[in-house]
Amino acid sequence: MDKYVIEGGRPLRGTVAAQGSKNACLPMMAAALLADGVTTLRNVPRLSDIETMAAVLRALGATIEWEGPHVLAVDTRGVDKYVAPYDLVRRMRASIAVLGPLMGRFRRAEVSLPGGCAFGPRPVDLHIKALRELGATVELEGGYVVARAAALKGKRVNLSGPAGPSRGATANLMMAAALAEGVTVIEDAAREPETVELVNMLGAMGARVEGGGSAEITVTGVDRLEPCEYEVMADQIEAGTYVLAGAITGGDVTVEGADAEYLSLFIGTLREAGVTVDVSNGAIAVRGNLPVAPLEIRTGPYPAFPTDLQPQMTALLSLASGRSVVVEGIYPDRFNHAPELVRLGAHVEVTPPTAVINGVHRLYGAYVMTSDLRAGAALVLAGLAAGGETNVRRIYHIDRGYEGMEDKLTSLGAAIRRLEEE
Ligand code: UD1
């Protein structure tokens, strides 16, 4: 297992480019299953989550090859199995994205139940409901979601969940409905840019999907879909993390290739905290002014503040000039970073779904442990700001979602090394 060793306290300066979006890419790889042939995705980030999805597709009989550093070819001609095994799905719950396309094209799928994750239970009831509404039989057997259908028939399906729309269920329903009979209308669909990206890719494959980006998506089933070539959008969460690296170190960082419109609420929130953010020509430039002003934020489905940037924002607010309140509107228990930030000198008290952060003047280096991807990013940010040496352990979580994080941060002037844990 590797760890990061960070000598903090240096303002970061320079420019980095955003990687391709992990969360857009994962369902897009699964969408390749809807056609028979080779689908080529460009701007695919090199991440362990992408390798896990590749392994899931290989388990189904697909051939996956890197044709360039960020070009991935998914050849589905050999697909002859319909089971996504426990050993892979337990590594990454986004593996559930093969459920919809397998049902759409083959009318059968067995996908291991993903189970919980480090920040709480994450059910798949909406995914199951979506398929049942189209006429599939879905049972839970031996820890697997086992789905079959003689035919899938389009219908009006409401996907409201307890925390608002579900991205994953919206993706699965769109993919199954693309090859169903008739018209499916998804009410309370996810509106995230990554969902719109999938809508666009399905369109490029010949699907008839309308309303991407709105709360109602209409899918008119077609008989077959064709493979396509598609360039994956930039990763908004990765971009936001490097923006925060500039802010938390009082530095001057530009992130190129990020879509500022999608990050507009995040950028507005940073400005409220007194951080200078300039947006031009597809680049976001940030100049940190510490201490930041305290804030009250609440995460929620797009266009609200993204939960995937909450831990990193909490790290920044630990250096605010007063008391901040962070309410988690999606995952009430997503505060694994809090006790680790406390080890670095932050004052964070958590009563789910709320964290109260009393800003401190300084953070100090310490040993901290990563428990999930974005918590890990938050600890790296805090370590970059902290005086002295911070050891961030278990960074395999970070490798799930950030390509070459240490290289990008080093190019900005950070002192960060990847070492094998003793
Ligand atoms: C996606 C993102 C993840 C992000 C999350 C919320 C990917 C690969 N992952 O995950 O990084 O943190 O959106 O923005 O894109 N829910 C149910 N029943 C279901 C499905 C979901 O109750 O069947 C609940 C979840 O517990 C959660 C909320 O709905 O509270 C949103 O989850 P969802 O949008 O489905 O998240 P994912 O697609 O898994």
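Our subject is the structure listed above.
Given the structure is predicted, the values throughout are model-derived calculations rather than measurements. (Residues numbered from 1 in each chain as written. Predicted model: local features only at pLDDT ≥ 70, side-chain atom pairs only at ≥ 80, totals over all residues. Heavy atoms only, no water.)

K.L.:
How would you summarise the packing of helix H6 (residues 167-178) against helix H7 (residues 193-204) if you had to cite specific residues and measurements?
P.N.:
Between H6 and H7, the shortest axis-to-axis distance is 10 Å and the interhelical angle comes to 10 degrees. What the angle tells us is that H6 and H7 run roughly parallel. Residue-level contacts link Arg167, Thr170, Ala171, Met174 and Met175 of H6 to Glu194, Thr195, Leu198, Val199 and Leu202 of H7. Considered class by class, the residues forming the contact of H6 with H7 number six nonpolar, two polar and two charged. (Axes fitted to C-alpha atoms, helices over the stretch in contact; angles between N-to-C directions. Helix = DSSP H or I, 4+ residues; strand = E, 2+ residues; numbered from the N terminus. Parallel < 35°, antiparallel > 145°, perpendicular 65-115°, else oblique. Contact = heavy atoms within 4.5 Å. Nonpolar A, V, L, I, M, F, W, Y, C, P; charged D, E, K, R; others polar.)

K.L.:
Can you explain the site of the ligand? Please cite residues and give values.
P.N.:
Among the 20 residues in the neighbourhood of the ligand, the closest are listed as Asp125, Leu126, Ser166, Arg167 and Asp308. In the environment of the ligand, an oxygen atom lies 3.2 Å from a nitrogen or oxygen atom belonging to the backbone of Pro123. In the model, an oxygen atom of the ligand is placed 2.6 Å from a nitrogen or oxygen of the Ser166 side chain. Surface burial for the ligand is 89%, taken as the share of its 740 Å² of free accessible area covered by protein chains. Breaking the shell around the ligand down by element, the ones donating at least two residues are helix H5 (125-133) and H6. If you tally residues by element for the shell around the ligand, the top one is H5, at three residues. Across the shell around the ligand, the residue classes tally to nine nonpolar, five polar and six charged. Counting residues domain by domain, the shell around the ligand receives three or more from each of domain 1 (2-19 + 234-420) and domain 2 (22-231). (Near = heavy atom within 4 Å. Polar contact = N/O pair within 3.5 Å; in protein donor to acceptor, adjacent residues only side chain to side chain. Areas by Shrake-Rupley, 256 points an atom, 1.4 Å probe, with all protein chains shown as cover. Domains from an automatic or database assignment.)

K.L.:
Give a detailed account of the sheet that holds strand E12 (residues 208-210), specifying residues and quantitative values.
P.N.:
Strand order in the open sheet formed by four strands is E10-E11-E13-E12, and the pairing between neighbours is mixed. Of all strands in the sheet, those bounded by a partner on one side alone are strand E10 (156-158) and E12. Direction aside, the axes of adjacent strands within the sheet are offset by 15 degrees on average. (Pairing = 2+ DSSP bridges.)

K.L.:
An account of the nonpolar core is requested, with residue identities and associated values reported.
P.N.:
Membership of the largest hydrophobic core comes to 79 residues, with the highest contact counts inside it found for Met29, Leu41, Met53, Leu57, Val98, Met174 and Leu202. With eight residues, the single largest contributor to this core is H6. Sequence-distant contacts of Met174, that is, excluding residues within four places in its chain, are made with Ile186, Thr195, Leu198, Val199, Leu202, Val209, Ile217 and Val219. Counting 70 residues, the second-largest nonpolar core is a separate cluster that includes Tyr4, Val253, Phe335 and Val380. (Core = buried A, V, L, I, M, F, W, Y, C linked by side-chain atoms within 4.5 Å. Buried < 20%, exposed > 50% of the residue type's maximum accessible area, 1.4 Å probe, protein only.)

K.L.:
Run through the sheet that holds strand E6 (residues 83-84), naming residues and quoting values.
P.N.:
The four strands lie next to each other as E6-E7-E9-E8, forming an open sheet whose pairing is mixed. Among the strands making up the open sheet, the edge pair consists of E6 and strand E8 (137-141). By the bridge criterion, five bridges tie strand E7 (residues 108-112) to strand E9 (residues 144-148) in an arrangement that is antiparallel. Residue pairing across strands places Val111 opposite Val145, the latter belonging to E9. Sitting on the sheet, H5 touches E8 and E9, and the angle it makes with E8 is about 145 degrees.

K.L.:
Tell me about the pairing of strand E1 (residues 2-7), residues and numbers included.
P.N.:
Across six bridges, the pairing between E1 and strand E24 (residues 415-420) is antiparallel. When the sheet's bridge partners are listed, Ile6 is paired in E24 with Ile416. Note: E1 against strand E23 (residues 389-393), four bridges, orientation antiparallel. Each bridged residue has a counterpart across the sheet, and for Tyr4 the counterpart in E23 is Val392.

K.L.:
Explain unusual backbone geometry residue by residue, including any values.
P.N.:
At the junction of Leu290 and Pro291, the peptide bond is cis and its omega measures out at 0 degrees in the coordinates. Along the polypeptide, Pro291 turns up in the loop between strand E17 (283-287) and strand E18 (296-298). The step from Pro352 to Pro353 runs through a cis peptide bond, and the omega angle for that step is 10 degrees. Looking at where Pro353 falls in the secondary structure, it is placed in the loop between strand E20 (347-351) and strand E21 (354-358). Look at Asn43: it is not a glycine, yet its phi comes out positive at around 60 degrees. For Asn43, the location among the structural elements is in the loop between strand E3 (38-42) and helix H2 (48-59).

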